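In case you want the letters, here they are:
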Amino acid sequence: MTAQYSHGVLHAPGPQTSDVEDADAAAERAGTPRLKPLFHVARRLGQAWNDLRTRQARHGDYVAQVVAYRGYGSTRRVRVLGRVLYSRPGLHGAQDAFNNFRGWVSFTSVPIQHAEVRVEIGASRAVVRADGGGVVDALVDVELEPGWHEVRMSADGAEPSTAQVQIVDPGARFGMVSDIDDTVMVTALPRPFLALWNTFVLSERARTPTPGMAVLLDRLAAEHPEAPMVYLSTGPWNAAPTLQRFLGRNLYPAGPLLLTDWGMTPDRWFRSGREHKRENLMRLAAEFPDIRWLLIGDNGQHDESIYAEFAAEHPESVAAVAVRELSPGQAVFAGGTTHDGDGATPRPDVVWTSAPDGAGLAAQLEAAGVL
């Protein structure tokens, strides 16, 4: 199954019979028996809607593009991240970092499903495949020195893209994982519809950084120059351009975004944000067994319980936990409570800090010898 090129447009191959059969089998496992037929219909309707949008994009003023995002890896293997999609001309181009478009524009792009993507990094070459949401998340074997390197991603009929990948020093023993919403960026608002307005309408220039968090992360990065910085969020890949500009504009350390994709999965009605975070934390622990991570989040949703569970299962992979405290009102409107972590007891041998801003967290981490 390969991508086809005609008239300057990338045509992604549709699912083969075996793919459809596998998806049908997954659908049969979804939900209760009473909801299985409904799930099956919903999945089919979702695919039909994507097919319609794809045809409209091909015949409209959209262009096929490969959008590369920051990745990370070891000196032998890297995780490359990106998307293949139809989007408005210039939306994801080289000048994207300087465009101040509204957040909703990123959600008008159309994913190109299952497209083949060529990856070039150093002397290594590989061909990987996007998933059903047009997301590229693949491992590529390399031979690279520690530091930042350029990765180029391309596909037939699509504009190529480049991004940076961080090759972690084998001697690194410390790293940072941080949530984004309500942790480094103030998102919780007193009325839920304003949160949607903030996501889909306002540009990154209007988003507010959490006081003191950029300074805290910058201090940690300066004291541990070899430390990888990873931003782990349940936000959608559509928001990646806006989030990258926000982090750069507010002087947060550079690092890959590990986001998720909205919509149904082959065997679930909704994607699980908790599972997304758990799986990526487990993956980081397996990929870098010698690194102890500072886990940074907030108490608005499930960061506390996720981090406590991870620390209980992998105490050797946790240097400390830093939780930004939301006000009671912010926490409720963010979807959680100010006592989200009460159900999971932190290990007594894991440093656990909490404060409403970066300055408070920095003081506690410094007192604990982490900073």
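What counts and how
Residues numbered from 1 in each chain as written. Predicted model: local features only at pLDDT ≥ 70, side-chain atom pairs only at ≥ 80, totals over all residues. Heavy atoms only, no water. Helix = DSSP H or I, 4+ residues; strand = E, 2+ residues; numbered from the N terminus. Buried < 20%, exposed > 50% of the residue type's maximum accessible area, 1.4 Å probe, protein only. Contact = heavy atoms within 4.5 Å. Areas by Shrake-Rupley, 256 points an atom, 1.4 Å probe, with all protein chains shown as cover. Phe/Tyr/Trp six-rings, centres within 6.5 Å; stacked < 30°, edge-to-face > 60°. Salt bridge = Lys/Arg side-chain N within 4 Å of Asp/Glu carboxyl O. Core = buried A, V, L, I, M, F, W, Y, C linked by side-chain atoms within 4.5 Å. Axes fitted to C-alpha atoms, helices over the stretch in contact; angles between N-to-C directions. Left-handed = near helix turned anticlockwise from the far one by under 90°. Nonpolar A, V, L, I, M, F, W, Y, C, P; charged D, E, K, R; others polar. Polar contact = N/O pair within 3.5 Å; in protein donor to acceptor, adjacent residues only side chain to side chain.

**Q** What am I meant to see in the overall build of the protein chain here?
**A** A tally of helices and strands in the protein chain yields nine helices and 18 strands. Among the 371 residues that make up the protein chain, the fraction classed as buried is 48%. Long-range pairs, those at least 24 residues apart, make up 72% of the contacts in the protein chain with a sequence separation of at least 6. Total accessible area on the protein chain is roughly 16,900 Å²; 54% of this is exposed by carbon and sulfur atoms.

**Q** It is not clear to me how the packing of aromatic side chains should be interpreted in this structure. Could you clarify?
**A** The geometry of an aromatic ring pair comes down to the distance between the two centres and the angle between the two planes. All chains considered together, the criterion is met by four aromatic pairs. Ring centres of tyrosine 69 and tryptophan 237 lie 5.1 Å apart, and the angle between their planes is 10°; on these two criteria the pair is classed as stacked. Taken together, the residues span a long stretch of sequence, with tyrosine 69 in strand E3 (residues 63-73) and tryptophan 237 in the loop between strand E14 (229-236) and helix H5 (240-249) at a distance of 168 residues. Summarising the burial analysis for this pair, tyrosine 69 and tryptophan 237 share the class buried. An aromatic cluster is defined as three or more aromatic residues linked by ring pairs; in this entry it consists of Tyr72, Phe288 and Trp293.

**Q** Just to check I follow, could you spell out the pattern of salt bridges for this structure?
**A** Any two side chains of opposite charge can pair if their charged atoms end up close together. This structure, assessed with the given rule, holds 14 salt bridges. Here the salt bridges share partners, and the residues they tie into one network are Arg274, Glu275, Arg278 and Glu309.

**Q** For this particular structure, what's the right way to read the nonpolar core?
**A** Nonpolar side chains tend to gather and get buried jointly when the protein is soluble and globular. Of all hydrophobic cores here, the largest spans 60 residues; its most connected members are Leu217, Tyr252, Leu294 and Leu295. Of the residues forming this core, the biggest block, six residues, is contributed by strand E17 (residues 318-324). Those residues in contact with tyrosine 252, other than ones at most four positions away along the chain, are Val184, Pro209, Thr210, Met213, Ala214, Leu217, Tyr231, Phe246 and Leu247. Among the nonpolar cores identified, the runner-up in size contains 28 residues, and Ala64, Ala68, Val80 and Ala115 belong to it.

**Q** Can you help me understand H5 in this one?
**A** Along an α-helix, a turn takes 3.6 residues, which lines up residues three or four apart on a common side. Burial analysis of H5 places seven of its 10 residues in the buried class, which makes it a mostly covered element. Turning to H5, its buried residues number three or more, namely Ala240, Pro241, Thr242, Leu243, Arg245, Phe246 and Leu247. Those residues of H5 hidden inside the fold are in contact with E3, strand E12 (185-186), strand E13 (208-209), E14 and strand E15 (257-260). Phi turns positive one or two residues past the end of H5, at leucine 251, with a value near 65°.

**Q** Please explain helix H7 (residues 303-313) as it appears in this structure.
**A** H7 sits mainly inside the fold: eight of its 11 residues count as buried. Considered for burial, the residues of H7 that qualify are Asp303, Glu304, Ser305, Ile306, Tyr307, Ala308, Phe310 and Ala311.

**Q** Which parts of the structure should I look at to understand the packing of helix H4 (residues 213-223) against helix H9 (residues 358-367)?
**A** Two elements in contact, H4 and H9, have axes separated by 7 Å at closest approach and are oriented at 35°. The element H4 and its partner H9 pack so that their crossing is right-handed. For the pair H4 and H9, the contacting residues are Met213, Leu216 and Arg219 in the first and Gly358, Leu361, Ala362, Leu365 and Glu366 in the second. A per-class count over the contact of H4 with H9 returns five nonpolar, one polar and two charged.

**Q** I'm lost on the environment of glutamate 325 in this one. Help?
**A** Within the secondary structure, glutamate 325 is located in the loop between E17 and helix H8 (328-333). Sequence spacing of glutamate 325 and leucine 361 is 36 residues, and the spatial spacing of their C-alpha atoms is 9.8 Å. Discounting residues that sit within four places of it in the chain, glutamate 325 has contacts with Asn299, Ser354, Ala355 and Pro356. Among the polar contacts made by the side chain of glutamate 325, one reaches the side chain of serine 354 at a distance of 2.9 Å.

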